[in-house]
Amino acid sequence: MSAPPLNPDDFAYGDPDRLRAEIAALMAAVGMRSNIVADYALLRDDAGFRYTLRCAAAEFRTALNLLGDLTEQVERDRKRRQPQPAAQPHPEMEVRP
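Caption draft 1: Spotlight on the side chain of Q73. Note on placement: Q73 falls in helix α2 (residues 46-81). Since its relative accessible area comes to 11%, Q73 is described here as buried. Once residues within four sequence positions are removed from consideration, Q73 is found in contact with G14, D15, P16 and L19.

Quick look at the structure:
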């Protein structure tokens with residue numbers, strides 16, 4: 001059983017789930033195109049075969065680029081949520097009671 005489809009419009013700009021939804025939509029398109037490529041191969045339609053395969057490759061590359069964006073965004077969010085170390089006095093500074 002697969003999860004319900006994610007709709008990118010359901011998420012705010014900058015939300016990592018929006019990127020996940022975009023990637024999921026692209027991969028669904030790649031899956032659909034892979035079935036069409038198989039049909040074109042059976043029909044020996046090289047023009048349709050070539051065109052559809054190139055479209056699938058472009059969608060896959062776009063999904064990989066978005067994955068890179070998602071990875072960077074999640075890492076930035078993780079760093080932002082980490083507590084900042086307390087300021088330490090400079091070791092050469094004189095501390096007076």
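Caption draft 2: A look at the nonpolar core. If you look at the biggest cluster of nonpolar residues, it comprises six residues: L19, I23, L26, A63, L66 and L70. Looking at this core, the elements with two or more residues in it are α1 (16-43) and α2. Setting aside anything within four residues of it in sequence, one finds A63 in contact with I23, L26 and M27.

Caption draft 3: Structural context of unusual backbone geometry. Phi is positive for R44, which is not a glycine, with a value near 60°. With respect to the helices and strands, R44 occurs in the loop between α1 and α2. By relative accessible area, which is 71% here, R44 ends up exposed.

How each quantity is defined
- Note on numbering: residues in each chain are counted from 1, in written sequence order.
- Confidence filtering applies because this is a predicted model: local features only for residues at pLDDT of at least 70, side-chain atom pairs given and counted only at 80 or more, and all residues used for totals across whole chains, interfaces and linings.
- Side-chain metrics in this entry use all non-hydrogen atoms of the structure; hydrogen atoms and water are not considered.
- Strands here mean DSSP runs of E at least two residues long; helices mean DSSP runs of H or I at least four residues long; both are numbered from the N terminus.
- For the exposure calls, accessible area comes from a 1.4 Å probe over protein chains only, and a residue counts as buried if that area is under 20% of its type's maximum, exposed if over 50%, partly exposed in between.
- Residues count as neighbours in contact if any of their non-hydrogen atoms are within 4.5 Å of one another.
- Think of a nonpolar core as a cluster: buried Ala, Val, Leu, Ile, Met, Phe, Trp, Tyr and Cys residues, connected wherever their side-chain atoms sit within 4.5 Å.

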